[in-house]
Amino acid sequence: MDEIFDVIIVGAGAAGLTAGIYSSRAKLTTLILNEGVVGGQMVLTNEIANFPGVETTNGYLLAGTMKKQAKEFGCKIKSNIKVSQFTLEGELKRIVLEDGREFKSRTVILAPGGKPRPLNIPGEETFKGSGISYCATCDGDFFTGKEIIVVGGGNSALEEAVTLTRYAEKVTIIHQFDHFQAFQHAVEDAQRNPKIEFIMESELRTFTGNSFLEEVSLEHLPTGNFSSMKIDGVFVFVGYMPNTDMLQGLVDLNERQEIVVDGDMKTSIPGVFAAGDCNAKKFRQVTTAVADGTIASLSAAEFLRSKSN
C-alpha cells in the first residue's frame, strides 16, 4: 500500500527545510520534494551575517546544517525531481512527478521559492553564463581582476556588490532611481568601498559582444541620453519572481503571481499552506522564510489535529 504522508513540502529552501524540521520533530511523517539544489536561493548568498545566534556564515553551509537537522528528525527529502501535477482539493492531496511517481499527503506546504528576475532586454539571453550572472557566490571568482557592473538598488544588489569587490578590480552599481531601497548599513558599506562607483537614474538597454559579453548601452532616464560602457561582466540583482507557474488556477495568487496567505500561512484551499519567497509579502530574508516555514508547519499540525478529533 502506498504511504500516505502527514505533510508533503514542495521546495527545500529556508522555508521548506524549516517546515521539514518542525513537522518531522513533531512526529509527523514528512516528505520534501525539491526540484533543484537543497537550500534554494539561500545557497546563492555568499555571506549571511544577520541570522540570529549564528556568526557570519554562507548560505551553502547554513542550508547543509538545516538539511541535516531535518533528516535527523526523520524528514525524507527527494531532490532533483520535477512536479508535473498537483491535486490539492479534498482530504487527500496528490502530487505527481514527471517520472510518473505519485505521492499522497493529508496536508501540503508550498515553498517553491523564486528565481532571479531578468532585465528582459536585448542580448540578455545570449550572454547568460557568458558575462551575465545572477549569482555572486557562483560566478564571482570568474571575474577576478575584471571590471563589472551590478544592476539593482536593494539589499541584495549592494551586499553582493561589496562581496564582488573581493574578486573584481572595479564594480559599478547602476540603479534606476536617485536613491537606494536597501537598508542604510548596506548603502554605507557600498559607499565606503573604494572599488565601487555608482551610476544613478539609469538603466541598461542592450548587451553586446561576440562569444562573450563586451559592452552595454545605458540610458540616463532624466535626460534620455544614451551611452555605452566596455565591461567584462554584469551581475543582475533586481528581485525575484515566484515559482508559481504550476499553481495558477489551483490556489489564489495576486497580480504578481505570489501566493495569497493569511497570518497562519493558510492558502485558499483547506489543508494547503505556503511559506517563503513564493508568498505575497513585503520583506524577503532568510529569517522571514524561516518564520513562514515554522508557522506553516505548526498550522499544518493544528489542521491534522482538528481532523483527528
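Below, the structure is looked at part by part. (Residues numbered from 1 in each chain as written. Predicted model: local features only at pLDDT ≥ 70, side-chain atom pairs only at ≥ 80, totals over all residues. Heavy atoms only, no water.)

## Thoughts on the packing of aromatic side chains
- Evaluation of the coordinates by the stated rule reveals four aromatic pairs.
- Plain terms: the ring middles of Phe273 and Phe303 are 6.3 Å apart, the flat faces sit at 75° to each other, and that makes the pair edge-to-face. Separated by 30 residues along the polypeptide, Phe273 in strand β17 (residues 272-274) and Phe303 in helix α7 (residues 286-308) bring together distant segments of the chain.
- Residue classification places Phe273 among the buried positions, given a relative accessible area of 2%.
- Here a set of aromatic residues connected by ring pairs shows up, and it is made of Phe143, Phe235 and Phe237. (Phe/Tyr/Trp six-rings, centres within 6.5 Å; stacked < 30°, edge-to-face > 60°. Helix = DSSP H or I, 4+ residues; strand = E, 2+ residues; numbered from the N terminus. Buried < 20%, exposed > 50% of the residue type's maximum accessible area, 1.4 Å probe, protein only.)

## Quick look at the side chain of Asp292
- As for its position among the elements, Asp292 is in helix α7.
- Here Gly276 takes part through its backbone nitrogen, which lies 3.1 Å from a polar atom of the side chain of Asp292.
- With near-sequence residues (within four places) excluded, Asp292 lies in contact with Met265, Ala275, Gly276, Asn279 and Lys281. (Polar contact = N/O pair within 3.5 Å; in protein donor to acceptor, adjacent residues only side chain to side chain. Contact = heavy atoms within 4.5 Å.)

## Some details on the sheet that holds strand β14 (residues 225-230)
- Strands sit in the order β12-β13-β14 across an open sheet of three strands; the sheet is antiparallel. In this open sheet, the two strands that pair with only one neighbour each are β12 (202-209) and β14. When the angles between neighbouring strand axes are averaged without regard to direction, this sheet yields 25°.
- Two elements, β12 and strand β13 (residues 213-220), share seven bridges in a ladder whose sense is antiparallel. Its bridge partner being in β13, Thr206 is matched across the sheet by Ser217. (Pairing = 2+ DSSP bridges. Axes fitted to C-alpha atoms, helices over the stretch in contact; angles between N-to-C directions.)

## Thoughts on the sheet that holds strand β11 (residues 196-199)
- With parallel pairing, the five strands of this open sheet are ordered in space as β8-β15-β9-β10-β11. The two strands at the open ends of the sheet, each matched to only one other strand, are β8 (132-133) and β11.
- Across the sheet, helix α5 (residues 155-164) lies against β9 (147-151), β10 (170-174), β11 and β15 (233-236), angled at about 165° from β9, the strand it touches most.

## So, the pattern of salt bridges
- If you walk through the whole model with that rule in mind, you get 16 salt bridges.
- Among the ionic pairs, Lys128 bridges to Glu125, the shortest N-O distance being 2.8 Å. (Salt bridge = Lys/Arg side-chain N within 4 Å of Asp/Glu carboxyl O.)

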